[in-house]
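Here is what each chain is made of, one letter per residue.
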Amino acid sequence: MNKTTAKKYLSAIESSKRKYLTCELLSHSLGIYPEIIAENLSFFEPMLAMDPSYNLKDLIPALNAYIEEESKKSPKKPRVIINKGNVEQYEGVADFIYQKMTIGGLVDKNAELSAVDLKILKKLIQAELDEKKKN
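Computed from a predicted model, the values in this text were never measured in an experiment. In this convention, every chain numbers its residues from 1, walking through the sequence in written order. This being a predicted model, a pLDDT of at least 70 is required before a residue's local features are given, and a value of 80 or more before pairs of side-chain atoms are given or counted; all residues contribute to the totals for chains, interfaces and linings. Side-chain descriptors were evaluated using all non-hydrogen atoms of the structure, hydrogens and water having been removed beforehand.

## Some remarks on a positive patch on the surface
- Here the term patch refers to residues with relative accessible area over 30% and no salt bridge, with like charges joined within 9 Å and nonpolar side chains (Val, Leu, Ile, Met, Phe, Trp, Tyr) within 5 Å. Accessibility throughout is a Shrake-Rupley quantity obtained with a 1.4 Å probe, and a residue counts as covered only by protein chains that appear here. Each reported salt bridge corresponds to a side-chain nitrogen of Lys or Arg within 4 Å of a carboxyl oxygen of Asp or Glu. Asp and Glu count as negative and Lys and Arg as positive, but His and the ends of the chain are not part of the count. Charge positions are represented by NZ for Lys, CZ for Arg, CG for Asp and CD for Glu. Residues Arg79, Lys119, Lys122 and Lys123 make up a contiguous surface patch of positive charge.
- Mapped onto the fold, Lys123 is located in helix α7 (residues 115-134). In DSSP terms, a helix is any run of H or I states spanning at least four residues, a strand is any run of E spanning at least two, and both are numbered starting from the N terminus.

What follows is the structure, given as structure tokens:
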């Protein structure tokens, strides 16, 4: 069960004007087989798959709680995007290494590059390879 499926079932259950709603009745409005609805909603009520006369209106609080819980989860980390301005601040690979990996002219063996730095270095290397291919 994921958040979008739970929202779909919740909106269909809430929009129904019936006081008593079974999987069979919900399947007519959603166009999904009642067995699949029962299997998906058994996440909230395990006995639902065995009881075809279960009232789905009783699952509204559980569905709301699940959707709220899923919404509170931390979002994924944004993708690291390198644009032309990031790459153009370095003249080449040697300049990048000098700026990022040296201290006072001496190479720092313990220097660690971040994901952004590695992507910039990758672009610089690719640019130099393309230039050597042309010549």
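## Focus on the packing of helix α6 (residues 93-101) against α7
- Each axis is a line fitted through C-alpha atoms, taken for helices only over the stretch in contact, and angles between the N-to-C directions span 0 to 180 degrees. Where α6 meets α7, the axes come as close as 9 Å, and the angle between the chain directions of the two elements is 155°. Looking at the two axes, α6 sits roughly antiparallel to α7. Along the contact surface, α6 presents Val93, Phe96 and Lys100, while α7 presents Asp117, Ile120, Leu121, Leu124, Ile125 and Glu128.
- For the contact of α6 with α7, the residue count by class is 6 nonpolar, no polar and 3 charged. The cut-offs work like this: below 35 degrees is roughly parallel, past 145 is roughly antiparallel, 65 to 115 is roughly perpendicular, and the gaps in between are oblique. In this description, contact between two residues means that some pair of their heavy atoms is separated by no more than 4.5 Å. Gly is placed with the polar residues, together with every amino acid not listed as nonpolar (Ala, Val, Leu, Ile, Met, Phe, Trp, Tyr, Cys and Pro) or charged (Asp, Glu, Lys and Arg).

## Some details on the packing of aromatic side chains
- Note on ring pairs: Phe, Tyr and Trp rings are taken, using the six-membered ring of Trp, and paired if centres are within 6.5 Å. Classes follow the plane angle, with under 30 degrees stacked, over 60 edge-to-face and the rest tilted. Evaluation of the coordinates by the stated rule reveals 4 aromatic pairs.
- On the basis of an interplanar angle of 90° and a centroid distance of 5.1 Å, the ring pair of Phe43 and Phe44 is categorised as edge-to-face.
- Exposure is judged per residue with a 1.4 Å probe applied to protein chains only, and the accessible area is read against the type maximum: over 50% gives exposed, under 20% gives buried, and values in between give partly exposed. Residue classification places Phe44 among the buried residues on the basis of a relative accessible area of 16%.
- Judged by centre distance (5.4 Å) and plane angle (80°), the ring pair of Phe44 and Tyr66 falls under edge-to-face. Here the residue Phe44 occupies a position in the loop between α3 (34-41) and α4 (60-72), and Tyr66 occupies one in helix α4, the gap between them amounting to 22 residues. Grouping residues by exposure puts Phe44 and Tyr66 together as buried.
- The aromatic ring of Tyr9 is capped on one face by Lys8, whose charged end is 5.9 Å from the ring centroid. Look at NZ for Lys and CZ for Arg. If either is within 6 Å of the ring centre and within 35 degrees of the ring normal, a charge sits over the ring.

Function cannot be inferred from these measures alone, as they are strictly geometric.
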